[in-house]
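Below are the chains, spelled out letter by letter.
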Amino acid sequence: MSESPNISTGSHYPPTGVARGGRIIIAGGGTGGHIFPAVAIAHALRKLEPSVEILFVGAKGKMEMEKVPQAGYNIIGLDIAGFNRSSLIKNIGLPFKLIKSFWQVRSILKTFQPDAVIGVGGYSTYPVLRSAQAKGIPTFIHEANSFAGKANMMLGRNATRIFVATDGMEKFFPAGKIMITGNPVRQNIVNNTISRSEGIQFFGLDASKKTVFVTGGSLGAKGINEAIDANINAFIQNDVQLIWQTGKLYAEKASARAAENRNIWANSFITQMEYAYAAADIVISRAGAMSVAELCVAKKPVVFVPFPFAAEDHQTANAQNLVNKQAGLLIKDSEAREKLVPTVIALARDEDQQKMLRENIGELAVTDADEVVAREVLRLIS
């Protein structure tokens, strides 16, 4: 049970001599919404203090085990999984995995001896931060959503500082520990200089037509995809073209639609998102915290369709936060088939509403959250 964990980019830990910048563990992952900000914070830490030693801790079999080494960092994977809401029988081994993960974390902390631990959300965050707090190691939480998860709320009681994306988070965390920083956004989005015409050309579309970018993340969004597909003729009839990121499960159906119509570009995934944001006049999106943060920076009119089964329905809270500020529109997933496309077509015809949404969402943009977080962590452990 106390087996030594393996770092995915090597068989040993980084040097254990005390560096001027200290040693920091970043724990979490599972989705791009946790991984991208974690890597952005790591980059900012290195930029501000090049001598800092950084070690990631994630969950075996999850996306971070591939993405973090690609970004140039060591990572250890824990034998841990989350609670399965759809199949209770799959949770039988969960207590044993949790106990094992705490033993693995104990070994990591003893060997790496961090000066601080940062949690960004995901399965590995709780055992790492809880163990660090028990040892008196300073811990930091980055809560990306407008509705905090239960694990972060428990960890927040003993955290050194809690970085949040929006105001009003005092109902989840001790007010004196909160620091509003926004969410770290990928630099290729922050520094995007691609013009609309270049974006349109990248997808082989027509610059004279209104362009709607549809995105549901790497796995796609069933409710969004089905709503688009069922009402595809409305786009054609109104001379509106689509950039449609479908996810893997809907790619074949969407590709068939694209083959029938030159106004549709469809693919399972878009690697160079900066081109899609540049080309888009309107965006249809889920309301994950990182999607919201990127759309604020991109300054695009957005129709949000929150994923209805997100923990504590936090995507609806994220979207509603913008709707309350007249910075976005919201359609429930259960109503998407009937209401989504008519709402988007009406928005495409209303230049004044587009302008208002662009201006209001742009006012919420934060481009330096990663550096603000990194600077505060370094200040408090120096």
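Here goes a summary of the coordinates provided.

Here's the deal with the environment of Ala-27
The residue Ala-27 is located in strand β1 (residues 23–27) in this model. Contacts of Ala-27, omitting those with residues within four sequence positions, involve Val-57, Ile-118, Gly-119, Val-120, Gly-121, Ser-124, Thr-125, Val-128 and Leu-129.

Here we look at the nonpolar core
Across soluble globular proteins, nonpolar side chains show a tendency to be buried alongside one another. Of all hydrophobic cores here, the largest spans 30 residues; its most connected members are Val-212, Ile-228, Phe-235, Trp-244, Ile-284 and Leu-340. Secondary structure elements with two or more residues in this core: β8 (211–215), α8 (222–230), α9 (232–237), β9 (241–245), α10 (251–260), β10 (264–267), β11 (282–285) and α14 (336–349).

Some words on unusual backbone geometry
If you check the backbone angles, Asp-239 has positive phi at about 55° while not being a glycine. Secondary-structure assignment places Asp-239 in the loop between α9 and β9. Classification of Asp-239 as partly exposed rests on a relative accessible area of 40%. Of note, the phi angle at Lys-299 is positive, near 60°, even though the residue is not glycine. Within the element layout of this structure, Lys-299 appears in the loop between α12 (289–298) and β12 (302–304). Judged by relative accessible area, Lys-299 falls into the partly exposed class, the value being 45%.

Description of the packing of aromatic side chains
Tallied over the full model, the rule gives 10 aromatic pairs. Considering the side-chain rings of Phe-102 and Tyr-126, the 6.4 Å spacing of their centres and the 85° angle between planes classify their relative orientation as edge-to-face. Taken together, the residues Phe-102 in helix α3 (residues 94–112) and Tyr-126 in helix α4 (residues 125–134) connect sequence positions 24 residues apart. Note on Phe-202 and Phe-203: the rings are 5.0 Å apart at their centroids and 80° apart in plane angle, and the pair reads as edge-to-face. Relative accessible area serves as the criterion here: at 38%, Phe-202 is assigned to the partly exposed category. Here the aromatic cluster, defined as three or more aromatic residues joined through ring pairs, consists of Phe-202, Phe-203, Trp-265 and Tyr-275. The ring of Phe-36 carries the charged tip of Arg-186 above its face, separated from the ring centre by 4.3 Å.

Here is what the cut-offs are and how they apply
Residues numbered from 1 in each chain as written. Predicted model: local features only at pLDDT ≥ 70, side-chain atom pairs only at ≥ 80, totals over all residues. Heavy atoms only, no water. Helix = DSSP H or I, 4+ residues; strand = E, 2+ residues; numbered from the N terminus. Contact = heavy atoms within 4.5 Å. Core = buried A, V, L, I, M, F, W, Y, C linked by side-chain atoms within 4.5 Å. Buried < 20%, exposed > 50% of the residue type's maximum accessible area, 1.4 Å probe, protein only. Phe/Tyr/Trp six-rings, centres within 6.5 Å; stacked < 30°, edge-to-face > 60°. Lys NZ or Arg CZ within 6 Å of the ring centre and 35° of its normal.

On their own, these measurements won't tell you what the molecule is for.
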